[in-house]
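Chain by chain, the residues run as shown.
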Amino acid sequence: MKPNRSTLFLSLLAAMQANAQSPSEAMLEEIVVTAQRREQRLQDVPAAISSLSGDSLNRRNLQGNADLVARVPSLSLDVQGPGESTLSIRGVGTAYGLAPAVSYYLNETPLDIRTDGSTGVPDVDFFDVDRVEVLRGPQGTLYGSSSMGGALRVLTAQPDPSGFAAKAETGVSTMDGGGTGYVGKAAVNVPVGDNAAIRFVGAYEKIPGYVDRAAPGDWFEPDPDLPISERRTNDADLLSGRILGLLQVNDKVKITPSIWYSEIDAGGASEYHTNLPRFTVAATYPTPAKSKAVNGNLLVEADLGFANLISSSSMLTRDVNNNRDLSLLMVNLAPLFGLPAVDYPTLDRFTSDNEGLIQEVRLTSPTDQRLTWVAGAYFSRFEQDSVELLDSESFATAIGQVDDTSIYTFEQEVIDRQGAVFVDLNYAATPKLDLTVGARYYELRSSLENVQTGVLAAPNQPLVRADASGTSPRAVVAYRPTDDFMLYATAARGYRPGGPNVGLPDGIGCELSDAYQPLYDPDSVWNYELGAKSEFMQRRLSINVALYQIDWEDVQQAVADPGCGYIIVANVGEAQSRGAELEILMRPIDDLTLSASASYTDAEFTSIADAYQLASAATTGDPLPGIPETKFNVDAQYGRELGNDRSWFVRADWTYLSSVPTGFTTQNTRPSFSAIGASATYRFGRYEVSLYGRNLTNEDGIVDISEGATTSIEGIFWTQISTPPRTIGLNLAVDF
């Protein structure tokens, strides 16, 4: 007799109950976060937060931002280069030249340096990380500017005076159609007496390349046959390290100094042209990209009795040195000079030196009282010095410039200052009802000056300054009818500072000269959110849901001039984003863990300023560029203990990303794609060996499309970036 579905379902429930020998054995891992500047259970925080522990990151083989994006609802990423990206949350993102819209924290330091042509957020390696927290929605009250989309926090493992510990990891991988990758990582914790310790962490990764460089021919040929001049140009070496110290002065004062170093040395960009064979770009010159970042932080924590004091002092430097082949730019601009649109080999050299000083002081009240609070002050100063040189002997000769091959030079200094004070109050009105109100008052000051020379130069910009100030409030109501269920409602404001423009040149047909401003204004958002967090089956199942609406004013956007192709930044209008998010985590039996996440984002322009309607391919009601409407991820892990300190587990995941509109000034769409990953791990004693695969179906998931004077020939081709091809790897790890 064939059993019916109800019988099968009841049998499954019975099996689950039988395997769950006691509630504690199969309960979900309890995650503690500090997203609200104090320790709380993730399920007790009335906010949309995703958090992954260090062990969870390791089991899923998640190494950086790109891996995280697939698993966090409403989190999107635009690739800038190896180890570099820009982040968006709930449709709120950034673009060329803008301050970030998602604040990126390494422990207590925001790494929120203004983007430039090739670099974005540095990708902190997740090795020896305690946890990663992603806060969705504006965090302007507690995290300040550049967090109007949300915040991503990487919280590293800390020094431990209780004993010596060490771990190491090494591995090798092979990429379909690409090269071989290598990885080596190690962490050592060294006690220094009973009250002090030092932790050393180092990581090196060789990322294999898969993009070939071909010698340019006829740029207007739809299907050219070009000779390959260099294979696998986009390989990269990623080197990083941390040194963290801990001194427990007494039972009330703790001092934690730290330094973080990151170096990226990429052979070339991952972009390729769509009219050439798979993963091929036409370029005369190699395009290496190098960057170095150093962050020194001094964290002092003191128990004052009435409150805990935290002082975080950071100094951040970041140096960028990139080469780009901009021959395509000269092909597009040549007719404006009365020249034929043929190949003019052109090399662009760009450097950016960044220095930042960040100081924050916070007081956090004890938690064992009805009224709890956080109050503090913040100051930062960032300076960015940029130099660019565009060199083309053939173009210079063509326009009669015989004494100098340089056709454009650019030097600019930008200084951003910010000061703020903030307070956040939480009142337990009843055992089931909490009320939270907070506000941040901020003052912003920016200055800019630049000097430009050459036939492509805009007028020099003498020193110009801009000031802005405002308040970012938030209010939260949280209601807990039971210990395992919470409803919350939030209204919060976020903001981002304005910034500088590089200018538009005269005499080559630029059409936005009248609309151009040397400094663009800050933009801001209001977020209205309803959410629910719930736990079932004796905390073996959690379901979190959030619904939101974001109103975005004075939207900052990179705009390509329709006449000459130059890019400026402007406040182009207003936008709105509405969406829903779902996260499910289930451990039906002790050996099996299931998770799923999904998000829906409907982000669109509600108005576009008159001055930029000519340049915009978007109209009112069109979607914001770069944001997928839907995302899905499912993940399953099954493992068994074998005894004698041996165990194994296998896991598999599937990710889907819907189609994505691209560009404010162009109309194109990145197609939807999905990816499958899997791994198998065997642990024996202190050793662990893992076999893993990424993008097992070898799908070309397009993550960036670029069209404009430097990246496309209209009607012939454009430039794009895809997910790396199928990669198979083997890792060996050991703990001491």
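In this text, all values refer to a predicted model and were calculated from it rather than measured experimentally.

Calculation rules
Residues numbered from 1 in each chain as written. Predicted model: local features only at pLDDT ≥ 70, side-chain atom pairs only at ≥ 80, totals over all residues. Heavy atoms only, no water. Disulfide = S-S within 2.5 Å. Helix = DSSP H or I, 4+ residues; strand = E, 2+ residues; numbered from the N terminus. Buried < 20%, exposed > 50% of the residue type's maximum accessible area, 1.4 Å probe, protein only. Patch = residues over 30% accessible without salt bridge, like charges linked within 9 Å, V, L, I, M, F, W, Y side chains within 5 Å. Areas by Shrake-Rupley, 256 points an atom, 1.4 Å probe, with all protein chains shown as cover. Salt bridge = Lys/Arg side-chain N within 4 Å of Asp/Glu carboxyl O. Contact = heavy atoms within 4.5 Å. Pairing = 2+ DSSP bridges. Axes fitted to C-alpha atoms, helices over the stretch in contact; angles between N-to-C directions. Phe/Tyr/Trp six-rings, centres within 6.5 Å; stacked < 30°, edge-to-face > 60°. Lys, Arg positive; Asp, Glu negative; His and termini not counted. Charge placed at Lys NZ, Arg CZ, Asp CG, Glu CD. Polar contact = N/O pair within 3.5 Å; in protein donor to acceptor, adjacent residues only side chain to side chain.

**Student:** Looking at this structure, I do not really get the state of the cysteines. What am I missing?
**Tutor:** Disulfides are covalent bonds that link the sulfur atoms of two cysteine residues. All chains considered together, the criterion is met by one disulfide. Disulfide pairing places Cys510 opposite Cys564 at an S-S distance of 2.1 Å. Because the sign of the S-S torsion sets the handedness, a value of about 100° for the bond joining Cys510 and Cys564 places this disulfide among the right-handed ones. Here Cys510, found in the loop between β28 (499–500) and β29 (519–520), pairs with Cys564, found in the loop between β32 (556–560) and β33 (567–571); they are 54 residues apart in sequence, far enough to count as distant. As far as the burial class goes, Cys510 and Cys564 line up, both buried.

**Student:** What is the right way to look at a nonpolar patch on the surface in this model?
**Tutor:** Taken together, Leu371, Val423, Leu425, Tyr427, Leu435, Val437 and Val477 make up a surface patch of nonpolar side chains, about 530 Å² in accessible area. Breaking the nonpolar patch down by element, the ones donating at least two residues are β24 (406–430) and β25 (433–453). Mapped onto the secondary structure, Val437 falls in strand β25. A residue is classified by how much of its surface remains accessible, and Val437, at 47% relative accessible area, is partly exposed.

**Student:** Before we go on, may I ask you to explain the environment of Phe379 in this structure?
**Tutor:** Summarising the element assignment, Phe379 is placed in strand β23 (residues 371–391). Distance from Phe379 to Glu360, taken between C-alpha atoms, is 6.5 Å for residues 19 residues apart in sequence. Once you skip the residues sitting within four places of it in the chain, Phe379 turns out to touch Leu357, Ile358, Gln359, Gln418 and Gly419.

**Student:** What's the story with the sheet that holds strand β14 (residues 212–214) in this structure? I'm lost.
**Tutor:** The strands making up a sheet are joined through hydrogen bonds of the backbone, oriented either antiparallel or parallel. Judged by pairing direction, the sheet is mixed, and its three strands sit side by side in the order β15-β14-β19 without closing on themselves. The sheet terminates laterally at β15 (228–230) and β19 (280–282), the two strands that pair on one side only. For this sheet, the mean inter-axis angle between neighbouring strands, taken without regard to orientation, is 45°. As paired strands, β14 and β15 are joined by two bridges and run antiparallel to one another. The residue bridging Ala214 from the neighbouring strand is Ile228, located in β15.

**Student:** Would you mind showing me how to read the packing of aromatic side chains here?
**Tutor:** Centre distance and the angle of the planes are the two values used to describe a pair of aromatic rings. According to the stated counting rule, one finds 15 aromatic pairs in the structure shown. Both rings, one in Phe337 and one in Phe395, keep their centres 5.4 Å apart while their planes meet at 90°; by these two values the pair is edge-to-face. Note that Phe337 is positioned in the loop between α5 (327–333) and β22 (347–364) and Phe395 in helix α6 (residues 393–398), a separation of 58 residues in sequence. For Phe337, a relative accessible area of 26% gives the class partly exposed.

**Student:** Would you take a moment to explain unusual backbone geometry for this structure?
**Tutor:** Apart from glycine, the bulk of residues carry a negative phi angle, and the bulk of peptide bonds sit in the trans form. Positive phi, normally seen in glycine, also occurs at Ser74, with a value near 65°. Along the chain, Ser74 falls in the loop between α3 (65–69) and β4 (75–81). Ser74 gets classed as buried once you look at its relative accessible area, which sits at 4%. Located in the positive-phi region is Gln538, a residue other than glycine, with phi close to 55°. Relative to the helices and strands, Gln538 resides in the loop between β30 (523–536) and β31 (541–553).

**Student:** Would you mind showing me how to read the sheet that holds strand β7 (residues 109–110) here?
**Tutor:** Spatial ordering of the open sheet is given by β3-β9-β10-β6-β7, a layout of five strands whose pairing is mixed. One side of each edge strand has no neighbouring strand; the edge strands of this open sheet are β3 (49–53) and β7. The sheet contact formed by strand β6 (residues 102–106) and strand β10 (residues 150–156) spans five bridges and is parallel. Bridge pairing in β10 places Tyr104 opposite Leu152.

**Student:** Could you clarify how one ought to interpret a negative patch on the surface in this entry?
**Tutor:** A cluster of acidic side chains, namely Asp218, Glu221, Asp223 and Asp225, defines a negative patch on the protein surface. On the secondary structure map, Asp223 appears in the loop between β14 and β15.

**Student:** Explain the side chain of Arg153 to me, please; I cannot follow it from the model alone.
**Tutor:** Secondary-structure assignment places Arg153 in strand β10. Looking at Arg153, its side chain comes within polar contact range of the side chain of Thr34, at 3.0 Å. Sequence-distant contacts of Arg153, defined by excluding residues within four places in its chain, comprise Thr34, Ala35, Arg37, Tyr105, Glu108, Arg131, Val132, Glu133, Leu135 and Tyr143.

**Student:** Help me understand the side chain of Gln43, please; the structure alone is not making it clear to me.
**Tutor:** Secondary-structure assignment places Gln43 in the loop between β2 (40–41) and β3. Given a relative accessible area of 12%, Gln43 falls into the buried group. Here the side chain of Gln43 touches Asn544 through a polar contact of 2.9 Å, side chain to side chain. In this structure, Gln43 is in contact with Met486, Lys533, Ser534, Glu535, Ser542 and Asn544, ignoring residues within four places of it in sequence.

**Student:** Just to check I follow, could you spell out the environment of Ala168 for this structure?
**Tutor:** Tracing the sequence through the fold places Ala168 in strand β11 (residues 165–175). Put simply, Ala168 and Val188 are 20 residues apart on the chain and 8.7 Å apart in space, counted from C-alpha to C-alpha. Excluding its chain neighbours within four sequence positions, the residues that come into contact with Ala168 are Lys185, Ala186, Leu732, Ala733 and Val734.

**Student:** Help me out: how do you make sense of the pairing of β22 in this one?
**Tutor:** Both strand β21 (residues 308–325) and β22 contribute to a ladder of 18 bridges, which runs antiparallel. Residue pairing for β22: Leu309 is matched across the bridge by Leu363. Bridge analysis of β22 against β23 gives 18 bridges, and the strand direction is antiparallel. Across the sheet, the residue bridging to Gly356 is Phe382, located in β23.

**Student:** Mind showing me how you'd approach the pairing of β3 here?
**Tutor:** On a regular strand, one side chain projects to one face of the sheet and the next to the other, so that they alternate. By the criterion of burial, β3 is predominantly enclosed, with five of the five residues buried. Burial of β3 is two-sided: the residues Ile49, Ser51 and Ser53 facing one way and the residues Ser50 and Leu52 facing the other way are all buried. The pairing of β3 with strand β9 (residues 129–136) spans five bridges and is classified as antiparallel. Opposite Ser53, over in β9, you have Arg131 as the bridge partner.

Distances and angles like these do not, on their own, reveal function.
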